[in-house]
Amino acid sequence: MRKHYNVLTARNGIEAIEIAKSKHPDLILMDVLMPKMHGLECCSAIRDDPDIKHIPIMIVTSMSDPQTEIMALRAGARDYVKKPFDCEILQLRIKNLLEPR
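What you are looking at is a predicted structure, and each value in this text was computed from that prediction instead of being measured.

Parameters at a glance
- Residues numbered from 1 in each chain as written.
- Predicted model: local features only at pLDDT ≥ 70, side-chain atom pairs only at ≥ 80, totals over all residues.
- Heavy atoms only, no water.
- Helix = DSSP H or I, 4+ residues; strand = E, 2+ residues; numbered from the N terminus.
- Salt bridge = Lys/Arg side-chain N within 4 Å of Asp/Glu carboxyl O.
- Buried < 20%, exposed > 50% of the residue type's maximum accessible area, 1.4 Å probe, protein only.
- Polar contact = N/O pair within 3.5 Å; in protein donor to acceptor, adjacent residues only side chain to side chain.
- Contact = heavy atoms within 4.5 Å.
- Expected span 1.5 Å × (residues − 1).
- Arc of directions from axis to C-beta.

## Some points on unusual backbone geometry
At step 1: The omega torsion across K83 and P84 is -5 degrees, close enough to zero to call that bond cis.
At step 2: For H24, which is not a glycine, the phi torsion comes out positive at approximately 45 degrees.
At step 3: By the secondary structure assignment, H24 is in the loop between α1 (13-23) and β1 (28-30).

## A word on the pattern of salt bridges
At step 1: One pass over the full model with this rule turns up six salt bridges.
At step 2: Residues R93 and D79 are paired through a salt bridge, measuring 2.7 Å at the closest nitrogen-oxygen approach. In this pair, R93 sits in helix α4 (residues 87-98) while D79 sits in strand β3 (residues 79-82), placing the two residues 14 residues apart along the sequence.
At step 3: With a relative accessible area of 14%, D79 lands in the buried category.
At step 4: Where E99 meets K95, a salt bridge forms, and the shortest distance between an N and an O atom there is 2.7 Å.

## Here we look at the side chain of D79
At step 1: A distance of 2.7 Å separates the side chain of D79 from the side chain of R93, its partner in a polar contact.
At step 2: Residues within four places of D79 in sequence aside, it is in contact with I57, M58, I59, L73, R93 and L97.

## Remarks on α4
At step 1: Along its 12 residues, α4 runs 17 Å from first to last C-alpha, staying within 8% of the 16 Å computed at 1.5 Å per residue.
At step 2: Every buried residue of α4 is listed here: L90, I94, L97 and L98. The arc that holds the buried residues of α4, viewed along the axis, is 95 degrees, so those residues lie on one side.
At step 3: Buried positions along α4 lie against β1, β2 (57-61) and β3.
At step 4: Among the residues of α4, the N-terminal cap falls to D86, whose side-chain oxygen and the backbone nitrogen of E88 are separated by 2.9 Å.

None of the figures reported here should be taken as evidence of function without further support.
Here it is in structure tokens:
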């Protein structure tokens, strides 16, 4: 994916929010399980910030229970991908989230 996109990485949810505020990425990919700030909490914090709330968020996680997926979508995620995933499907989902821009 790095050959098609400029990829920035964050070590935790707090850092992800800081990067989103300073770099304004086109898309945020995050896991539910992250250190310092849970992914769902991070997703909600991004949605509550008027400067970055427009950035689409895709959750990519090993958590496959329907309740976590529902909570992620309610927190503002635009898509939810369960690990393991097919790389081509992930790339198409990313493309579809970015295309309307």
